[in-house]
Structures are given as C-alpha cells and as structure tokens.
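Summary of structural features
The primary structure of each chain is shown beneath.
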Amino acid sequence: MYILAIDTSCDDTSASVSYGDCILSNVVSSQVSMHQTWGGVVPFLAKRMHQEMIDKIIALACKRAGVSLNKLDCIAVTYGPGLAIALEVGIKKAKELCLTYQKPLIPVNHMEGHIYSVFAKNSKCKGQSICEFPFLALLISGGHTELVLVENHGKYKILGKTLDDAIGECFDKIARALNLGYPGGPVIEKIASRGNENAYFLPIPMANKNDLNFSYSGIKTATLKLILETLGPNVSEYVKKVYASLPKNVSNKNFENRLSRSKAIADIAASFQKVCVDQLILKVSKAIDLLSEVLDQKVKYLVIAGGVARNVYLKNRFRKEFRNVIKIKVPPNKKLYTDNAGMIAVAAYFKALNKFVLNDKNDILALDRVPRLSLSN
Ligand code: KG4
Ligand code: ZN
C-alpha cells in the first residue's frame, strides 16, 4: 500500500511516501531560520511558508520515492493538534489530491504520529515492529509533554500531561533568556555537557503529588531567577559571543579555562536539563508502579518520542534508570524525532489496516482541522 502523508502542523512543511510502514521518502522543509528572528513560531508566517512550499515538497517526496501521485493508494494528513492556520494548508492540499486522483483520505492525530515514529521501517523495510500492547509512550516536544498508555491501535489513555509549559517550550525559553537562539533544546544540551548538573539545586515541582501530570513553568521561573542572580541582566549578548567563539569539539578543560562565567552558564544549563529529566523519570516510574498494581501483567515497553527525545543525556538517564524495568524504544533515525510526515505515514498505515479511512467524497470534504485534538478523543 503506497501512502502519501502530509504534515503542516507547526513550523515544518513535510511530505512522505511510504510503502506500508516502510518509509521511501521523508522530506522536511524547516522554517526554523525564519522564526529564529522572532524567538518562536509566528503563525501567519508559518502559514505563508507552508503555502509556498507544499507543492514542491510533495513533488520531491514522490520523486525521491519513485512513486507518482496516481500510483498512490491513499493520502494521509495531520488534522490536529497544531496551529489552526498551518494545519489548514496541509488539509486543503490533501483534499485536493484525494478528489483529483480519487484516493481515500486518512486523517491522523499528530501525537499518534509521534508514537508510531518508533515503528517506522526504512526503505528496505528494516526496523522494529510494534510493541506488545499495552505499552507506555512518553511524548515530549515543543508543544506537548504527555504520558500515554497505548492499549491497542487507536486506543489511548492519557495518564498525565503538562499543566502549563511543554518541556521543549521550556528549553526554548531558557535558551532564549541566554540568547542562545531557537530552537533551544540542542544548544542547551551541548552547553550542558560541559557543565556540572549538581552545581545548582532546582527542585522538581509537585514531587510529592501522586498524580502523573507534569509542570515546567516553575522550573522555568526558578532557572530565570538563577540566571539573573548568577550572571546579571546583561547575560544575553555576552553568552552569545562566548558560545560563537568556541571552537567545535572543544574539550571541557579548554572551555573551563576560557572564562569562569561561561562555566556558570554551562552549570546552569546542566542543572536545568537535569531537573527537567528528573521530573520525567519520577512520573514514568510512578506510572509503571501504578500500572503494575492495576494491570495483571507488567507493561514491557516505553516509547520515548518527539523532538526533546533527541536529547542524548535524557535517553542515557532513562536507559540507566529503567535498565531492568522496562524496554525503551526510540525512533530509528534523527529525522523521525522532530516533526515529519514519515511518522504520519506509519500511523496512517495502521489506521488503514484497521479501516479508519474516509472513502466518501462528502466525508473527505467535511474534514476540518482540530487545533486542540487530544489522543483520548
Ligand atoms: O517534535 P518537535 O519537532 O515539535 C513539536 O511538535 O513541538 O519538537 C521540537 C522541540 C523544540 O522545543 C526543541 O527545542 C526540542 O524539540 N529539541 C530538544 C532537542 N532537540 C530538539 N530538546 C532538548 N534536547 C534536544 N537535543
Ligand atoms: Zn510534533
């Protein structure tokens, strides 16, 4: 089954062609450099960029896969959650293609895509297969922090979610305060690797609460306070210069010798990153304990997906913490972590197998974006 999938949920225009769950092409046009100027995503600019790019990206995805539009079996599109005016661009295009080429439409929840990203196979159809149900999924991205029990295909129970900021958003805001650019996750991780994660104590919010929800705004405020107290208000320009002047692959020693102030920045980044991960680990272990009490069998697998899951420190901490407790599954390549249409194609394939497909013209035309779409809808 050949599937064309489209995702325009936020600031990446993406199209992918798959053969079942095997990804033949996965093209992503990132708008990061444009939004960088503003320190975050500007919706109307995102929409305009999607409109400019979508045809080219679809054509490229088909070309790379060697599959023409009329050879497709169905078209899949993200219909939520995401930015309304950005989602609309992908949905409009998908409808247009369905009607022109008389193909069925598969609407996909973007978060479902992140879960299924882990099971994407490559163009030679090599990769890991679906975990035994039920399994846990920790979805960590710029817009979401969710812990989900995946009971079966299309059957989800949200066990916990953030009550305020998403974890990726928090990384982005701290990086912005330090004037390190956007997106913040990768640069914070890089700087943190040279710091001491125990240099500053930042408490886990609601650590004693028994629920499985997350909170990141308190961590953000405490870290901003720490930045001001330690580095003063003029930190931003300074940090940028120090960082830009660093040679690539600089050793810890060289870095520390340069300036003690840059050491403080690395320590703050490391302490901040540590508490962000501490909270995830705390909630996941609570969930595992709770589920083993409630369910007869133990949950054997934990999927970790979304942009923030690219963080190597985070993955190492999880692997160490849960070594003999639960098997950890992450996406098979870098592109599948952040927003991409390949993960939407894989989710769509399992929806097609389970007959979640729109065949009727009127049903296709009626599909609307749902910016706040939840997995438990
Ligand atoms: O999944 P994604 O592409 O977009 C959303 O659906 O939100 O995730 C983007 C987020 C950004 O906040 C970015 O800072 C974060 O993922 N991110 C990271 C890393 N790489 C990307 N956060 C921490 N460490 C990283 N290495
Ligand atoms: Zn995403």
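About the criteria used
- Residues numbered from 1 in each chain as written.
- Chains lettered and ligands numbered in written order.
- Predicted model: local features only at pLDDT ≥ 70, side-chain atom pairs only at ≥ 80, totals over all residues.
- Heavy atoms only, no water.
- Helix = DSSP H or I, 4+ residues; strand = E, 2+ residues; numbered from the N terminus.
- Rg over C-alpha atoms; globule rule 2.2 N^0.38 Å.
- Buried < 20%, exposed > 50% of the residue type's maximum accessible area, 1.4 Å probe, protein only.
- Contact = heavy atoms within 4.5 Å.
- Areas by Shrake-Rupley, 256 points an atom, 1.4 Å probe, with all protein chains shown as cover.
- Lys, Arg positive; Asp, Glu negative; His and termini not counted.
- Charge placed at Lys NZ, Arg CZ, Asp CG, Glu CD.
- Donors = N, O, S within 2.8 Å, 3.2 Å for Na, K, Ca; no water.
- Tetrahedral: all angles 85-135°; square planar, octahedral: opposite > 155°, others 65-115°.
- Pairing = 2+ DSSP bridges.
- Axes fitted to C-alpha atoms, helices over the stretch in contact; angles between N-to-C directions.
- Core = buried A, V, L, I, M, F, W, Y, C linked by side-chain atoms within 4.5 Å.
- Phe/Tyr/Trp six-rings, centres within 6.5 Å; stacked < 30°, edge-to-face > 60°.
- Lys NZ or Arg CZ within 6 Å of the ring centre and 35° of its normal.
- Near = heavy atom within 4 Å.
- Polar contact = N/O pair within 3.5 Å; in protein donor to acceptor, adjacent residues only side chain to side chain.
- Nonpolar A, V, L, I, M, F, W, Y, C, P; charged D, E, K, R; others polar.

Glancing now at the overall build of the chain. Scanning the chain from terminus to terminus reveals 13 helices and 10 strands. In terms of overall dimensions, the chain is globule-like: its C-alpha atoms have a radius of gyration of 21 Å, near the 21 Å expected for 377 residues. Along the three orthogonal principal directions, the C-alpha set of the chain runs to about 65 × 50 × 35 Å. Here the chain, with 377 residues, has 52% of them falling under the buried criterion. For the chain, the share of sequence-separated contacts (at least 6 apart) that also reach a separation of at least 24 residues comes to 75%. About 17,000 Å² of surface is accessible on the chain, with carbon and sulfur atoms providing 51% of the total. Across the chain, the 50 positively charged side chains and the 33 negatively charged ones have centroids separated by 6 Å.

So, about the coordination of the zinc ion (ligand 2). Around the zinc ion (ligand 2), the protein supplies H110 (NE2), H114 (NE2) and D339 (OD) as donor atoms, at distances of 2.1 to 2.2 Å. Coordination at the zinc ion (ligand 2) comes from 4 donor atoms whose angles at the metal span 90 to 141°, giving a geometry best classed as irregular. When its relative accessible area of 1% is taken as the criterion, H114 is described as buried. By relative accessible area, which is 17% here, D339 ends up buried.

This next bit is on the sheet that holds strand β5 (residues 105-109). Neighbouring strands of a sheet are bound in pairs by backbone hydrogen bonds; such pairs are parallel or else antiparallel. One open sheet holds the 5 strands; their spatial order is β3-β2-β1-β4-β5, and the pairing between them is mixed. A single partner strand is all that each edge strand has here, and the edge strands are β3 (22-30) and β5. In this sheet, neighbouring strand axes are inclined to one another by 20° on average, regardless of whether the strands run parallel or antiparallel. Pairing of strand β2 (residues 12-19) with β3 involves 8 bridges; the strand directions are antiparallel. For Y19, the partnering residue across the bridge sits in β3 and is C22. Its contacts with the sheet put helix α3 (residues 84-101) on β1 (2-7), β4 (74-80) and β5, and the angle it makes with β4 is roughly 155°. Packing of helix α12 (residues 342-353) onto the sheet brings it into contact with β1, β2, β3, β4 and β5, and relative to β5 it is tilted by some 115°.

The next thing to look at is the nonpolar core. Core analysis: the biggest nonpolar cluster contains 52 residues, and L136, L138, I140, F272, L280, I304 and F318 have the highest contact counts within it. Elements represented by at least two residues in this core include exactly β6 (135-140), β7 (145-152), α5 (167-177), α6 (184-192), α7 (217-231), α10 (260-294), β9 (301-305) and α11 (312-321). A total of 16 residues in this core trace back to one element, the largest contributor, which is α10. Apart from the residues within four sequence positions on either side, L136 is in contact with L147, V148, L149, L159, I288, L291, V299, Y301, L302, V303 and I326. Counting residues in each nonpolar core, the second largest holds 35 residues, with F135, A341, A348 and L375 among its members.

Here the structure, examined in full by the defined rule, presents 8 aromatic pairs. With a centroid separation of 5.0 Å and an interplanar angle of 65°, the aromatic rings of F171 and F272 are classed as edge-to-face. With F171 in helix α5 and F272 in helix α10, this residue pair connects regions lying 101 residues apart in the sequence. Plain terms: the ring middles of F318 and F322 are 5.6 Å apart, the flat faces sit at 35° to each other, and that makes the pair tilted. For the residue pair F318 and F322, the accessibility class agrees, reading buried in each case. Lying over the aromatic face of F356, K351 brings its terminal NZ or CZ to 5.0 Å of the ring centre.

Around ligand 1 sit 20 residues in total, of which G142, D172, G185, E189 and G307 are the nearest. At 3.0 Å, a backbone N or O of G307 approaches an oxygen atom of ligand 1. Within the side chain of N311, a nitrogen or oxygen atom sits 3.0 Å from a nitrogen atom of ligand 1. Taking 550 Å² as the accessible area of ligand 1 by itself, protein coverage stands at 89%. Of all the secondary structure elements, the ones that give two or more residues to the shell around ligand 1 are α4 (110-116), α5 and α6. The element that contributes the greatest number of residues to the shell around ligand 1 is α6, accounting for 4 residues. Here the shell around ligand 1 is built from residues that sort into 5 nonpolar, 11 polar and 4 charged.

Attention now moves to unusual backbone geometry. Across the junction of G80 and P81, the peptide omega takes the value -15°, indicating a cis bond. Note on placement: P81 falls in the loop between β4 and α3. One non-glycine residue, C125, adopts positive backbone phi at about 60°. With respect to the helices and strands, the residue C125 is situated in the loop between α4 and β6.

Within a regular strand, the side chains alternate between the two sheet faces. With respect to burial, β7 is a largely interior element, 6 of its 8 residues being buried. For β6 and β7, the ladder comprises 6 bridges, and the chain directions are antiparallel. Looking at β7, one finds that I140 is bridged to T145. Hairpin connection of β6 to β7: 4 residues between the antiparallel strands. Here β7 pairs with strand β8 (residues 155-161) via 6 bridges, running antiparallel. When the bridges of β8 are listed, V148 appears paired with I158. Following β7, the chain reverses through 2 residues before pairing antiparallel with β8; G154 in that reversal takes a positive phi of roughly 75°.

For the rest of this paragraph, the subject is α11. What α11 keeps buried is the set Y313, L314, K315 and F318. Two to three positions downstream of the cap, the backbone nitrogen of Y313 sits 3.1 Å from a side-chain oxygen, assigning the N-cap of α11 to N311.

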